[in-house]
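The primary structure of each chain is shown beneath.
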Amino acid sequence: EPCTDCGGDDPLPGVSGTTFFDENGAYFGPSCYNGEMGTGAFYTGDYTSPFKTILGKNDDDIQKKLNDMWNHYFVSSNKVYYEKNDGTAYILDTGNNDVRSEGMSYGMMISVQTNHKEEFDKLWKFAKNHMWHRNGDGYFSWQVGTDGNAKDQGCAPDGEMYFMMSLLFAAHRWNDSGYMADAQAILKACWEGNTLFNGSSYIITFQPSQGNNTWSD
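1. Digging into the overall build of the protein chain
Working step 1: Along the backbone of the protein chain there are seven helices and nine strands.
Working step 2: Expressed as a percentage of the 217 residues in the protein chain, the buried residues total 34%.
Working step 3: Look at the contacts in the protein chain between residues 6 or more apart in sequence, and 46% of them connect residues 24 or more apart.
Working step 4: When the accessible surface of the protein chain is split by element, carbon and sulfur atoms take 50% of a total near 13,300 Å².

2. Some remarks on the packing of helix α3 (residues 59-75) against helix α4 (residues 101-113)
Working step 1: Look at α3 against α4: their axes get within 12 Å of each other, and the N-to-C directions meet at 140°. Put simply, α3 runs oblique to α4. The crossing of α3 and α4 is left-handed. Residues M69, W70 and F74 of α3 form the contact with α4, whose participating residues are G107, I110 and S111.
Working step 2: A per-class count over the contact of α3 with α4 returns four nonpolar, two polar and no charged.

3. Observations regarding a nonpolar patch on the surface
Working step 1: Taken together, F51, I54 and L55 make up a surface patch of nonpolar side chains, about 330 Å² in accessible area.
Working step 2: Within the element layout of this structure, F51 appears in helix α2 (residues 50-53).
Working step 3: Classification of F51 by relative accessible area gives partly exposed; the value is 38%.

4. Examining the nonpolar core
Working step 1: M104, W124 and I186 are the most contacted members of the largest nonpolar core, which totals 37 residues.
Working step 2: Among the secondary structure elements, those contributing two or more residues to this core are α3, β4 (89-93), α4, α5 (117-130), α6 (157-173) and α7 (177-192).
Working step 3: A per-element tally of this core places α6 first, with six residues.
Working step 4: Once residues within four sequence positions are removed from consideration, M104 is found in contact with A89, Y90, I91, V99, L123, F126, A127, M131 and F163.

5. A word on the sheet that holds β4
Working step 1: Taken in spatial order, the five strands of this open sheet run β3-β4-β5-β6-β7, and their pairing is antiparallel. Where the open sheet ends on each side, the last strands, each with one partner, are β3 (81-83) and β7 (150-152).
Working step 2: By the bridge criterion, two bridges tie strand β6 (residues 143-144) to β7 in an arrangement that is antiparallel. Along β7, the bridge assignment pairs V144 with A150.
Working step 3: Against the sheet, α4 contacts β4 and β5 (98-100), and its axis sits at roughly 70° relative to β5.

6. Structural notes on the packing of α5 against α6
Working step 1: Where α5 meets α6, the axes come as close as 12 Å, and the angle between the chain directions of the two elements is 140°. Overall, the two elements α5 and α6 adopt an arrangement that is oblique. Remark: the crossing between α5 and α6 carries left-handed chirality. In contact with F120, W124 and A127 of α5, α6 contributes F163, S166, L167 and A170.
Working step 2: Tallied by class, residues from the contact of α5 with α6 come to six nonpolar, one polar and no charged.

7. Quick word on the packing of aromatic side chains
Ring pairs (aromatic) are described by centroid distance and by the angle formed between their planes.
Working step 1: This structure, assessed with the given rule, holds 13 aromatic pairs.
Working step 2: Where F74 meets Y81, the ring centres are 5.2 Å apart and the plane angle is 35°; that geometry is what we call tilted. By the burial criterion, F74 is buried, and Y81 matches it.
Working step 3: With 5.5 Å between their ring centres and 5° between their planes, W132 and F140 make a pair best called stacked. Each member of the pair, W132 as well as F140, carries the same accessibility label: buried.
Working step 4: Counting every residue linked through ring pairs, the aromatic cluster contains W124, W132, F140 and F163.
Working step 5: Across from the ring centre of W174, 5.9 Å away, lies the NZ or CZ of K117, which sits over that ring.

8. Some remarks on the pattern of salt bridges
Working step 1: For the structure shown, the criterion picks out nine salt bridges.
Working step 2: With a shortest N-O distance of 2.6 Å, D59 and K52 are connected by a salt bridge.
Working step 3: Between D98 and K151 there is a salt bridge, with the nearest N and O atoms lying 3.9 Å from each other. Of this pair, D98 sits in strand β5 while K151 sits in strand β7; the two residues are 53 residues apart in sequence, bridging distant segments of the chain.
Working step 4: Residue class for D98 comes out buried when judged on its relative accessible area of 1%.

Rules and cut-offs
- Residues numbered from 1 in each chain as written.
- Predicted model: local features only at pLDDT ≥ 70, side-chain atom pairs only at ≥ 80, totals over all residues.
- Heavy atoms only, no water.
- Helix = DSSP H or I, 4+ residues; strand = E, 2+ residues; numbered from the N terminus.
- Buried < 20%, exposed > 50% of the residue type's maximum accessible area, 1.4 Å probe, protein only.
- Contact = heavy atoms within 4.5 Å.
- Areas by Shrake-Rupley, 256 points an atom, 1.4 Å probe, with all protein chains shown as cover.
- Axes fitted to C-alpha atoms, helices over the stretch in contact; angles between N-to-C directions.
- Parallel < 35°, antiparallel > 145°, perpendicular 65-115°, else oblique.
- Left-handed = near helix turned anticlockwise from the far one by under 90°.
- Nonpolar A, V, L, I, M, F, W, Y, C, P; charged D, E, K, R; others polar.
- Patch = residues over 30% accessible without salt bridge, like charges linked within 9 Å, V, L, I, M, F, W, Y side chains within 5 Å.
- Salt bridge = Lys/Arg side-chain N within 4 Å of Asp/Glu carboxyl O.
- Core = buried A, V, L, I, M, F, W, Y, C linked by side-chain atoms within 4.5 Å.
- Pairing = 2+ DSSP bridges.
- Phe/Tyr/Trp six-rings, centres within 6.5 Å; stacked < 30°, edge-to-face > 60°.
- Lys NZ or Arg CZ within 6 Å of the ring centre and 35° of its normal.

Next up, the structure:
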């Protein structure tokens, strides 16, 4: 549904055409635009890589770049992805020798976007078993050891958002309702419970706790 309070009458013109920012620089998205709608990739199904459309790279060059990225972070001697004997895997924070919710969720996002379901499932299993709070509040411990033991049970909201979004992508990509159920559980708990979203200022808060829920990071 088009929004009713976009912070401005019309999108401000940009160098390359229409942009969706109000006079204060706040992004309000194409759903607020009263002009032509439905031209984005979501509507057209055309997900041509910007490496091709903007940088002029061909398909082989793009795929090689993606393969090199995957091999560097998930396979090579410089990898940050490590599998455990229990069918789980984690992304190592090499600076602190532990596991962070941000890195785990980013790893899941990379896995689903590059169609690596096995690695995605192993990362999600680790996060679900060792990081997702068992009290149903929807949040994740942002810092755990490589053994899964929590070091800090507070949340880091970008982790929650990427967990949820990667699960939504996975549900669609691999046609799995289980991913969708998990994504919706996170969203519902963070939205309706001890909320991660500040409705008065329209931001994802730094923390849902008192004193940290009026500003973002």
